[in-house]
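Chain residues, written in single-letter form:
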Amino acid sequence: MSDEPKPGGQLTRDVGFGWFRRVAGASDTTMCPLAPQADSVKTARDVTRTTLQEWGLSELSDDAALVVSELVTNAVRYALYPANRAGDRPITLTLLRIAPHVLLAVSDPSDQAPSPVQPDFVSEHGRGLYIVETYSQAWGWDALDEGGKAVWALFRTGD
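Reading guide: rules and limits
- Residues numbered from 1 in each chain as written.
- Predicted model: local features only at pLDDT ≥ 70, side-chain atom pairs only at ≥ 80, totals over all residues.
- Heavy atoms only, no water.
- Helix = DSSP H or I, 4+ residues; strand = E, 2+ residues; numbered from the N terminus.
- Buried < 20%, exposed > 50% of the residue type's maximum accessible area, 1.4 Å probe, protein only.
- Contact = heavy atoms within 4.5 Å.
- Areas by Shrake-Rupley, 256 points an atom, 1.4 Å probe, with all protein chains shown as cover.
- Pairing = 2+ DSSP bridges.
- Axes fitted to C-alpha atoms, helices over the stretch in contact; angles between N-to-C directions.
- 1 Å grid on protein atoms, 1.4 Å probe; cavity = no way out; pocket = protein on both sides within 12 Å on 5 of 7 lines; lining within 4 Å.
- Points joined across faces, edges and corners; volume = space filled by probe spheres on them.
- Nonpolar A, V, L, I, M, F, W, Y, C, P; charged D, E, K, R; others polar.
- pLDDT = per-residue confidence, 0-100.
- Core = buried A, V, L, I, M, F, W, Y, C linked by side-chain atoms within 4.5 Å.
- Expected span 1.5 Å × (residues − 1).
- Arc of directions from axis to C-beta.

If you check an unreviewed UniProt entry, the chain appears there as ATP-binding protein from Microbispora siamensis.

### So, the overall build of the chain
For the chain, the count of helices and strands is 4 helices and 5 strands. Listed by position from the N terminus, the elements making up the chain come as α-β-α-α-β-β-α-β-β. Across the 159 residues that make up the chain, the buried fraction comes to 50%. Considering only contacts in the chain between residues 6 or more positions apart, those separated by 24 or more positions represent 63%. When the accessible surface of the chain is totalled, it reaches about 8,400 Å², and 50% of it is carbon and sulfur.

### Thoughts on the sheet that holds strand β4 (residues 138-143)
In a beta sheet, neighbouring strands pair by backbone hydrogen bonds and run either parallel or antiparallel. An order of β1-β2-β3-β5-β4 is seen for the 5 strands of this open sheet, with the pairing classed as antiparallel. This sheet does not close on itself; its edge strands, each paired only once, are β1 (29-34) and β4. Across this sheet, the average inter-strand angle for adjacent strands is 15 degrees, counted without regard to direction. Packing of helix α2 (residues 40-54) onto the sheet brings it into contact with β1, β2 (91-98) and β3 (101-108), and relative to β1 it is tilted by some 170 degrees.

### Overview of the layout of surface pockets
Counted as a void, the second largest pocket has a volume near 190 Å³. Around the second largest pocket, the lining is made up of 13 residues, and of these Pro90, Thr92, Ser107, Leu144 and Glu146 lie nearest the centre. Looking at the lining of the second largest pocket, the elements with two or more residues in it are α1 (17-23), β2 and β3. A class-by-class count of the residues in the lining of the second largest pocket yields 5 nonpolar, 4 polar and 4 charged.

### Focus on the confidence of the model for the chain
Residue-level pLDDT values for the chain average 82, and 76% of them are 70 or greater. Within the chain, the element-level pLDDT minimum falls on α1, averaging 80, and the maximum on α2, averaging 97. Low pLDDT (under 50) marks residues 1-13, which in the prediction has 25 contacts with non-local residues, meaning those over four places away or in another chain.

### Examining the nonpolar core
With 30 residues, the main nonpolar core has Val72, Leu93 and Val106 as its most contacted residues. Looking at this core, the element that brings in the most residues is helix α3 (residues 61-80), giving 8 residues. The next biggest cluster of nonpolar side chains, apart from the first, holds 13 residues, and it includes Phe20, Ile98, Ala105 and Leu144.

### Comments concerning α2
Here α2 contains 15 residues, and its C-alpha end-to-end distance of 21 Å stays within 8% of the 21 Å for a straight helix at 1.5 Å per residue. Taken together, the buried positions of α2 are occupied by Ser40, Val41, Ala44, Val47, Thr48, Thr51 and Leu52. One side of α2 carries all its buried residues, which in axial view fall inside an arc of 125 degrees. Away from its buried face, by an angle of more than 90 degrees, α2 presents the exposed residues Gln53 and Glu54.

### Observations concerning unusual backbone geometry
In this structure, the amide linkage connecting Ala99 to the following residue, Pro100, adopts the cis form with an omega of 10 degrees. Tracing the backbone shows Pro100 in the loop between β2 and β3.

As structure tokens, this is what we get:
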């Protein structure tokens, strides 16, 4: 496999979260465990904004904060009501930078694959993955070896 990620439209699961996690250096990685509660969404937004600012990528902050809000909201929902609770696995926000990309990933204890639905703009639910797809270059999910999954969104920096 190549050491360079494919363009967003061609990104596949083998180049997704696992590839970025293996390749990103310690100074290009931020991880934040999150509790399965609603205020974790604000924490995730704050960590995302702070990390991007430290990396000199403040221009991504608004879109990334919106996307991470959607990913963490879904993770909290799945962590509170997993179909098969095989132990308490945490929710974790991970930001990985490999120029010219930043990958945001949120892992949760559920093995249930995310499934986009046609957004109903009147309903309070069902728009999350539509927002993730709209504001990121690409998104996907990976099953984790330890159980659960990571849902990720890729952003391209101005570098």
